[in-house]
Amino acid sequence: MEEKQEQVFAMPRIGEKAPEFKAVTTQGEINFPGDYKGSWVILFSHPADFTPVCTSEFMTFASMEKDFNAANCKLVGLSVDGLYSHIAWLRTIKEKIEYKGMKNVEVTFPLIEDITMEVAKKYGMMMPGESNTKAVRAVFVIDPNGIVRTVLYYPLSLGRNFDELYRIVIALQAADKFSVATPADWQPGDDVIVPTAGSCGVAKERMESKDEDTHCYDWFFCTKKLDKQKVLDAIIKK
Ligand code: BEZ
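Quick notes on the rules
- Residues numbered from 1 in each chain as written.
- Predicted model: local features only at pLDDT ≥ 70, side-chain atom pairs only at ≥ 80, totals over all residues.
- Heavy atoms only, no water.
- Helix = DSSP H or I, 4+ residues; strand = E, 2+ residues; numbered from the N terminus.
- Buried < 20%, exposed > 50% of the residue type's maximum accessible area, 1.4 Å probe, protein only.
- Polar contact = N/O pair within 3.5 Å; in protein donor to acceptor, adjacent residues only side chain to side chain.
- Salt bridge = Lys/Arg side-chain N within 4 Å of Asp/Glu carboxyl O.
- Near = heavy atom within 4 Å.
- Nonpolar A, V, L, I, M, F, W, Y, C, P; charged D, E, K, R; others polar.
- Contact = heavy atoms within 4.5 Å.
- Patch = residues over 30% accessible without salt bridge, like charges linked within 9 Å, V, L, I, M, F, W, Y side chains within 5 Å.
- Areas by Shrake-Rupley, 256 points an atom, 1.4 Å probe, with all protein chains shown as cover.
- Pairing = 2+ DSSP bridges.

**Q** I tried to follow the environment of Thr25 on my own but got confused; where do I start?
**A** On the secondary structure map, Thr25 appears in strand β1 (residues 21-25). When its relative accessible area of 4% is taken as the criterion, Thr25 is described as buried. Polar contacts involving the side chain of Thr25 include one to the main-chain carbonyl oxygen of Gly28, which spans 2.6 Å.

Rendered as structure tokens:
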């Protein structure tokens, strides 16, 4: 007898074009990622409407939407539920749920209906080992050219850290704008990493530099100061 193969869905990888799709959402139809050209966008999935972890996540994300938008980043959610379930759930959140000081929270970013799982499969959001019927908590950070820049996956039981998602958006933009890398736990105002020396001459120069704004832990690991306000001015729209 032929062995039944477990279906494995591809996932978009960092550095690749975000897969295209058209979808119905709570804010009308969208053409993804074309409609978001020129903006950063976070496409994220949640397992199901009317579930507690997802409700806490949506209230948190919606409460931070202004901050993401000010950093030129739009939010798009998805679950494999239908449109009317999405609408009913978002209405319940606004009308009834008070959580951690958040109340009357209106989710104004689009929430994709994906009952056919077409988009969820395209983005590798279905992980049969975790659930056959619910998407895992996936996050794709996509840049203004439609390129996937960060991918995160969380299981059903683990709510995401939205401060970390915000930090990712700011750090990616800072890295692009200032041609630097960002070290562990970087926040605006912290030192940034300058590209590693690509020749013996540059390595020597770095180690012998008297520049007060740079510090080399060794020839391959040099940081420099990057003023917090300069970072914020370059990224945050007032
Ligand atoms: C939740 O959001 O609470 C949840 C959703 C699916 C499975 C487990 C928890």
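**Q** It is not clear to me how the pattern of salt bridges should be interpreted in this structure. Could you clarify?
**A** Two side chains of opposite charge can pair, provided their charged atoms sit close to one another. Following the criterion strictly, the structure yields ten salt bridges and no others. As a salt-bridge pair, Lys94 and Glu106 come within 3.9 Å of each other at their nearest N and O atoms. Linking Lys94 in helix α2 (residues 83-96) with Glu106 in the loop between α2 and β5 (111-113), this pair joins segments that are twelve residues apart in sequence. Of the charged contacts in the structure, one is a salt bridge between Asp233 and Lys238, with a shortest N-O distance of 3.2 Å. Several salt bridges converge on common partners, so that one network encompasses Glu57, Arg137 and Arg160.

**Q** Would you mind going over the site of the ligand with me for this structure?
**A** Near the ligand, the surroundings consist of Pro47, Thr51, Pro52, Val53, Cys54, Lys134, Arg137 and Leu156. Separating an oxygen atom of the ligand from a backbone N or O atom of Cys54 is a distance of 2.9 Å. In terms of residue count, helix α1 (residues 52-70) provides more of the shell around the ligand than any other element does, three residues in total. Split by residue class, the shell around the ligand holds five nonpolar, one polar and two charged.

**Q** What's the story with the side chain of Arg160 in this structure? I'm lost.
**A** Along the chain, Arg160 turns up in the loop between β7 (148-154) and α4 (162-178). From its side chain, Arg160 meets the backbone oxygen of Ser45 in a polar contact 3.0 Å long. Side chain to side chain, Arg160 and Glu57 meet in a polar contact 2.6 Å long. Non-local contacts of Arg160, meaning those with residues more than four positions away in its chain, are made with Phe44, Ser45, His46, Glu57, Arg137, Ala138, Val139 and Tyr154.

**Q** For this particular structure, what's the right way to read a nonpolar patch on the surface?
**A** Together, Met207, Tyr217, Trp219, Phe220 and Phe221 make up an exposed nonpolar region whose accessible area comes to about 520 Å². Along the chain, Phe221 falls in strand β10 (residues 221-224). On the accessibility criterion, Phe221 (32% relative accessible area) is partly exposed.

**Q** I would appreciate a short explanation of the pairing of strand β3 (residues 40-45) in the present structure.
**A** For a regular strand, the rule is simple: side chains alternate between the two faces of the sheet. Most of β3 is tucked away: six of the six residues are buried. Burial along β3 is two-sided: Trp40, Ile42 and Phe44 facing one way and Val41, Leu43 and Ser45 facing the other are all buried. As judged from the six bridges shared by β3 and strand β4 (residues 73-79), these two strands associate in the parallel manner. Paired with Val41 across the two strands is Lys74, which belongs to β4. Here β3 runs beside strand β6 (residues 137-142); their pairing, made up of four bridges, is antiparallel. Paired with Phe44 across the strands is Val139, a residue of β6.

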